[in-house]
Amino acid sequence: MRSGRIVETEAYLGPRDLAAHSSRGRTARTEVMYGPPGHAYVYFVYGFWNCLNVVTGAPGVPHAVLLRALEPLAGVTERTCGPGLLCRALHIDRGLNGVDLAGEVLWLEPGPARAPPLRIARTPRIGVDYAGEWARRPWRFFDRASCMFPPLRRAGGPRHLPRRPHPG
């Protein structure tokens, strides 16, 4: 079993949010976002990376939260800092699109009681400059205390330090 603690996310408030996939309307790709909350919205980007979102809105309301980084807890040896790397390390692909996240295949659960306390910080989202004013919304949330975030990333600086491949 592979597991980790979620330490970075981004919120998407579609369909008015121009950075959200649902801003382009209801499509076959975004259909799962219009369903009940608590399901996985997995999509493919840049011809290489899968990304995992948690559907969070009521049925018919396509809100979602992108999982951007994970602190590995068990069974994960690959890097998980970036949504594409996170999915690759956890073997998440589009075959899991629509999966109930309270099920037995892929699920979310409270962290271990011994987990360090969270120190949540927020910045604008990453890589959505095309979305105008929506790009400036401070809807990227991360645990400042996490070992996954070198000082440059904490400050909203470069996504990756030198020698790290671009995750998409």
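Everything below is about the structure shown above.
Reading guide: rules and limits
- Residues numbered from 1 in each chain as written.
- Predicted model: local features only at pLDDT ≥ 70, side-chain atom pairs only at ≥ 80, totals over all residues.
- Heavy atoms only, no water.
- Buried < 20%, exposed > 50% of the residue type's maximum accessible area, 1.4 Å probe, protein only.
- Helix = DSSP H or I, 4+ residues; strand = E, 2+ residues; numbered from the N terminus.
- Pairing = 2+ DSSP bridges.
- Phe/Tyr/Trp six-rings, centres within 6.5 Å; stacked < 30°, edge-to-face > 60°.
- Lys NZ or Arg CZ within 6 Å of the ring centre and 35° of its normal.
- Salt bridge = Lys/Arg side-chain N within 4 Å of Asp/Glu carboxyl O.
- Polar contact = N/O pair within 3.5 Å; in protein donor to acceptor, adjacent residues only side chain to side chain.
- Contact = heavy atoms within 4.5 Å.
- Core = buried A, V, L, I, M, F, W, Y, C linked by side-chain atoms within 4.5 Å.

Mind showing me how you'd approach the pairing of strand 3 (residues 49-55) here?
Within strand 3, 7 of the 7 residues are buried, which leaves the element mostly enclosed by the surrounding structure. Burial of the side chains of strand 3 extends over both faces: Trp49, Cys51, Asn53 and Val55 are buried on one face and Asn50, Leu52 and Val54 on the other. Both strand 2 (residues 40-45) and strand 3 contribute to a ladder of 6 bridges, which runs antiparallel. Bridged to Ala40 within strand 3 is Val54. Between the antiparallel neighbours strand 2 and strand 3 lie 3 residues, among them Tyr46 with a positive phi of about 55°. Sheet analysis places strand 3 next to strand 4 (residues 63-74), joined by 3 bridges and oriented antiparallel. Along strand 4, the bridge assignment pairs Asn53 with Leu66.

In this structure, what is going on with unusual backbone geometry? I would like to understand it.
Excluding glycine, residues mostly have negative phi values, and the peptide bonds linking residues are mostly trans. Omega for the peptide link from Gly14 to Pro15 comes to 0°, which places this bond in the cis form. Residue placement: Pro15 occurs in the loop between strand 1 (3-13) and strand 2. The phi dihedral of His91 is positive, around 60°, even though this residue is not glycine. Tracing the chain through its elements places His91 in the loop between helix 1 (83-90) and strand 5 (120-123).

Where do I start with the packing of aromatic side chains in this structure?
Both the distance between ring centres and the angle between the ring planes are used here to describe each pair of aromatic rings. Here the structure, examined in full by the defined rule, presents 3 aromatic pairs. Where Phe48 meets Trp49, the ring centres are 4.8 Å apart and the plane angle is 85°; that geometry is what we call edge-to-face. Overall, Phe48 belongs to the exposed group, its relative accessible area being 52%. Residue Trp49 is classed as buried on the basis of its relative accessible area, which comes to 9%. A centroid spacing of 5.9 Å and a plane angle of 55° characterise the contact between Trp134 and Trp139, whose relative ring orientation is tilted. Grouping residues by exposure puts Trp134 and Trp139 together as buried. One residue, Arg94, lies across the ring of Phe44, its end atom 4.2 Å from the ring centre.

Would you take a moment to explain the pattern of salt bridges for this structure?
Pairs can form between side chains of opposite charge whenever their charged atoms are close. Tallied over the full model, the rule gives 8 salt bridges. A salt bridge links Glu10 to Arg68; its shortest N-O distance comes to 3.7 Å. On the criterion of sequence distance, the pair formed by Glu10 in strand 1 and Arg68 in strand 4 is long-range, its members being 58 residues apart. The residues Glu10 and Arg68 share a single accessibility class, namely buried. Of the charged contacts, one joins Arg137 and Glu133 as a salt bridge, the two residues approaching to 3.2 Å between their closest N and O atoms. Each of Glu8, Glu10, Arg68 and Arg140 takes part in one network of salt bridges that share partners.

In this structure, what is going on with the side chain of Arg125? I would like to understand it.
Of note, Arg125 is situated in the loop between strand 5 and strand 6 (140-143). For Arg125, a relative accessible area of 5% translates into the label buried. A polar side-chain atom of Arg125 sits 2.6 Å from a polar atom in the side chain of Asp17. Other than its neighbours up to four places away in sequence, Arg125 contacts Glu10, Ala11, Tyr12, Asp17, Ala19, Trp134, Ala135, Arg137, Trp139 and Arg140.

Mind showing me how you'd approach the nonpolar core here?
The nonpolar side chains of soluble globular proteins are, as a tendency, buried together. By size, the foremost hydrophobic cluster in this structure holds 20 residues, and its most contacted members are Tyr12, Tyr41 and Tyr43. For this core, the elements supplying multiple residues, two or more each, are strand 2, strand 3 and strand 4. Dropping the residues within four chain positions of it, Tyr12 is found in contact with Asp17, Ala19, Ala20, Pro62, His63, Ala64, Leu66, Arg125 and Val128. The next biggest cluster of nonpolar side chains, apart from the first, holds 16 residues, and it includes Val42, Leu52, Leu86 and Ala89.

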